[in-house]
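Chains, contacts and geometry: an overview
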Amino acid sequence: MKSDQTKYRALSHRKTKVLKVHFFRTPKRTEVLELISDFKDLSNESPSLRSKAHLAIADLHSALGEALPALEALSEVDLKNSSQAAARAGKVMAEIKTKKYNRVKQDYKAGAVKTAVARILKNSKKGYDYNKLKVYGLLFQKNISGALKAAGDGFKYDPVLATRDLANVVKTIISQFQYQDKSYFEEIGAVIGANLNVIKDSGGLAFIQGLREKFRNDEGKLQVLGLASTLSEESLAQFLKVGSLSEVLDFVNNKELFTYADAAEEDTKQLILETLRSRIRDNPDTHSRVVLLYLQKTSNTVSFWDNDKYRNELLDFVEEFLKGRDDYHAQMVLGISAFLKGDKRAAWNCFSACSADDSPFAQSGATSFLLEMNESDDADYLLDNRDIEFYLSDFTDDALVCCADSVYFRRYATDYIKSLRDVGSKARVHFHISGSKEDLKDLLDDLLAFAPVSFSFEPKKDVNPAYYASMRFLKAPLFIEKVASHVLLTDIDVSFRKDPIELITGIRSHKFDIALRIYDTIRTVQNHRKMGLGDVNNTRHIYRFPRTCPWLQVNAACVCLTDSMNGRYAAHLMAKDMAGHLHAVLKSGKKAWWVDQNAIFYTYNQLVEKPYIKIGNVEDYGMPYGSFDYTNSTIIGGTSPILARNTGS
């Protein structure tokens, strides 16, 4: 019979192997749940291993994106292992509102979270991990004052880590909580002021400079924060010159410094990036990950897109530096460089080398870009419309069309059409649903109150989820035949800011055959979302740059179809290409979530070769929904070298 220690070692080994291949896109949920059950059995059988078993159980629940069960497992850990429990719990609480845990639909049960955190704190010794858990626990409870005070206390344990925690806490307060009370600024300012020198000496200068940039147009808030004096370019240059690579990277990764559309900020970005380039150049052993970051951040500058000579020289530099390397990050850099230079085959080869199942590329779901299309003729079954039933669908001039399975239809349809009517739009909405009309009769009756509205139904399919992302494109020819002469294809989980008929009218007035959302040039837009304490910054414009990767060139969130001869051709080509991509995905058995954007880019590349087809860009008119407000949006130049938009002659 195996001893308990032997069982624990065997389970731990299994856990390591499973978590190594468990990812959000390719989960190993069954195996993870089996391990949780086995560790629970071990905990019951061997009291001496109870705490270690619960630490493992917490790791497994965390891997599943289940925050509360992870915290409850950690609350069972004894004093001897309390430091590990506090460290794990602090990490969970710091990430509890992030995508990692929000991907799992769950009720956080704030009271239960509070109880679990309190138990972990009670069992733990005071120190940095204890204090971090306290900080994020208070922040979760929306105890802003308490969280700020605890963040200040962290400096006596570990100034560097405390600086990072304070930066995260301040960012959360500003972005997530809709407080306008000036006192919170005073409290933030008090904590920063009391620790300012330590913050600067602990890698926090980028955080301070980011706050100055965020509230550049609000002297009052800067005064309250005690940050009215800005860091001169000379002082920044001197700091970067002597700072560590980690400190330089803090500036490179500071979102505020790379967001706003200000000429002064462009100079600051160039200074930071030139410093990083010199660090890369002077150290031949620089990790390829840093070179990829350098390329990504440099592509968020005006010069990269506005100056062909500058861009090509930069691409030559990263290619030469990475010559002979075959690691993931190096191949991603080389793939981007080849793509931007127009060498599609070299780009394809490099991206193929990045597509292992455990790679970030594969986990993003974007690898459908690599699918071969030579089997597209075998995909005609995906274009079969014989079983589709239309309901209340008279042909009209303009319509919005969105598609969903019956579950998503129930979840989002009412909010979708209500948000449209709330902005004063009288546009026809057509819902295409994979499911039974009879099963949805109650919701259909409710939606008729928002007329004009129509529906179509296809039999429910038990297929890869990528099918539902592709549905509206597979049925595109049918919609311009049966629903409207101008059709706007949208997601169903959107909320409208303005009447989308304005977009359709613009497309019609220019007689475009099709309009896609193409990231072809540098634009300035405004952030539509509320910004909490920083509402004043909602009026500031931010840059939207062209993209460096193939699967990001054309966005699938908004497509306008036209019932012209060329428009019908474009719709049929889009449906055929989508079917070919989706067929390859279904054949592979993988969840390629980006199949719609990759297929549309494939279609776009064929359409631009036909000069008689007029292609419009949704970005020229502004998205009527989404995160960005196009009020007073401007194009400032900097055209993508790989997107030559064809407007016809």
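This is a predicted model, so every value here is computed, not measured.

Moving on to the sheet that holds strand 11 (residues 628–635). Taken together, the 3 strands give an open sheet; going across it, the order is 8-7-11, and neighbouring strands pair in antiparallel fashion. In this open sheet, the two strands that pair with only one neighbour each are strand 8 (541–544) and strand 11. Direction aside, neighbouring strands of the sheet carry axes that sit 40° apart on average. In this structure, strand 7 (residues 523–527) lies alongside strand 11, joined through 4 bridges in antiparallel fashion. Looking at the pairing, Q526 lines up with D629 of strand 11.

Below, the discussion takes up helix 13 (residues 205–214). The buried fraction of helix 13 amounts to 10 of the 10 residues, a majority that puts the element mostly inside the structure. By the burial criterion, the buried members of helix 13 are L205, A206, F207, I208, Q209, G210, L211, R212, E213 and K214.

Attention now moves to the environment of R540. As for its placement among the helices and strands, R540 is situated in the loop between strand 7 and strand 8. For R540, a relative accessible area of 5% puts it in the buried group. Sequence spacing of R540 and T259 is 281 residues, and the spatial spacing of their C-alpha atoms is 10.0 Å. Residues within four places of R540 in sequence aside, it is in contact with E213, K214, R216, N217, Y260, D262, V525 and Q526.

Let's shift gears to the packing of aromatic side chains. Under the definition given, this model contains 19 aromatic pairs. The interplanar angle of 70° and the centroid separation of 6.4 Å between the aromatic rings of Y8 and F39 together place this pair among those described as edge-to-face. Here Y8, found in helix 1 (residues 4–21), pairs with F39, found in helix 2 (residues 29–45); they are 31 residues apart in sequence, far enough to count as distant. Summarising the burial analysis for this pair, Y8 and F39 share the class buried. An angle of 50° between the planes, with centres 5.4 Å apart, marks the rings of Y408 and Y412 as tilted. Note that Y408 and Y412 are positioned in helix 24 (residues 406–422) at a spacing of 4 residues, about one turn of the helix. The class for Y408 is partly exposed, based on a relative accessible area of 39%. By relative accessible area, Y412 is classed as partly exposed at 23%. For R277, the ring lying beneath its charged end belongs to F317, and the centroid distance is 4.2 Å. One residue, R345, lies across the ring of W348, its end atom 5.1 Å from the ring centre.

Another point: the environment of V18. One can find V18 in helix 1. Spatially, the C-alpha atoms of V18 and T163 are 34 Å apart, while their sequence positions differ by 145 residues. If sequence neighbours within four positions are ignored, V18 has contacts with K28, E31, V32 and L35.

At a minimum axis distance of 9 Å, the contact between helix 26 (residues 466–474) and helix 30 (residues 595–607) shows a crossing angle of 40°. Residue-level inspection shows A466, A469, S470 and F473 of helix 26 in contact with helix 30, the latter providing V595, D596 and I600. Taken together, the residues that form the contact of helix 26 with helix 30 break down as 5 nonpolar, 1 polar and 1 charged.

This next bit is on the sheet that holds strand 10 (residues 615–617). Read across the sheet, 8 strands follow the order 1-4-3-2-5-9-6-10 without closing on themselves; strand pairing throughout is mixed. Across the chains shown, the open sheet's two edge strands, defined by having one partner strand only, are strand 1 (389–391) and strand 10. Each neighbouring strand pair of the sheet contributes to a mean axis angle of 25°, computed without reference to strand direction. Looking at chain direction, strand 6 (residues 514–518) and strand 10 are connected through 3 bridges and run parallel.

Of note, H486 is situated in strand 5 (residues 484–490). Residue classification places H486 among the buried positions, given a relative accessible area of 9%. Residues within four places of H486 in sequence aside, it is in contact with D397, D398, A399, I504, R508, L561 and T562.

Okay, the nonpolar core next. In terms of nonpolar packing, the biggest core is built from 96 residues, with F251, F351, L489, I514, L516, V559 and L561 touching the most fellow members. In this structure V559 touches F473, V487, L488, L489, I514, A515, L516, M574 and I600, once residues within four positions along its chain are discounted. If you look at the next biggest cluster of nonpolar residues, it comprises 66 residues, including V18, L60, V169 and L225.

Basis of the calculations
Residues numbered from 1 in each chain as written. Predicted model: local features only at pLDDT ≥ 70, side-chain atom pairs only at ≥ 80, totals over all residues. Heavy atoms only, no water. Pairing = 2+ DSSP bridges. Helix = DSSP H or I, 4+ residues; strand = E, 2+ residues; numbered from the N terminus. Axes fitted to C-alpha atoms, helices over the stretch in contact; angles between N-to-C directions. Buried < 20%, exposed > 50% of the residue type's maximum accessible area, 1.4 Å probe, protein only. Contact = heavy atoms within 4.5 Å. Phe/Tyr/Trp six-rings, centres within 6.5 Å; stacked < 30°, edge-to-face > 60°. Lys NZ or Arg CZ within 6 Å of the ring centre and 35° of its normal. Nonpolar A, V, L, I, M, F, W, Y, C, P; charged D, E, K, R; others polar. Core = buried A, V, L, I, M, F, W, Y, C linked by side-chain atoms within 4.5 Å.

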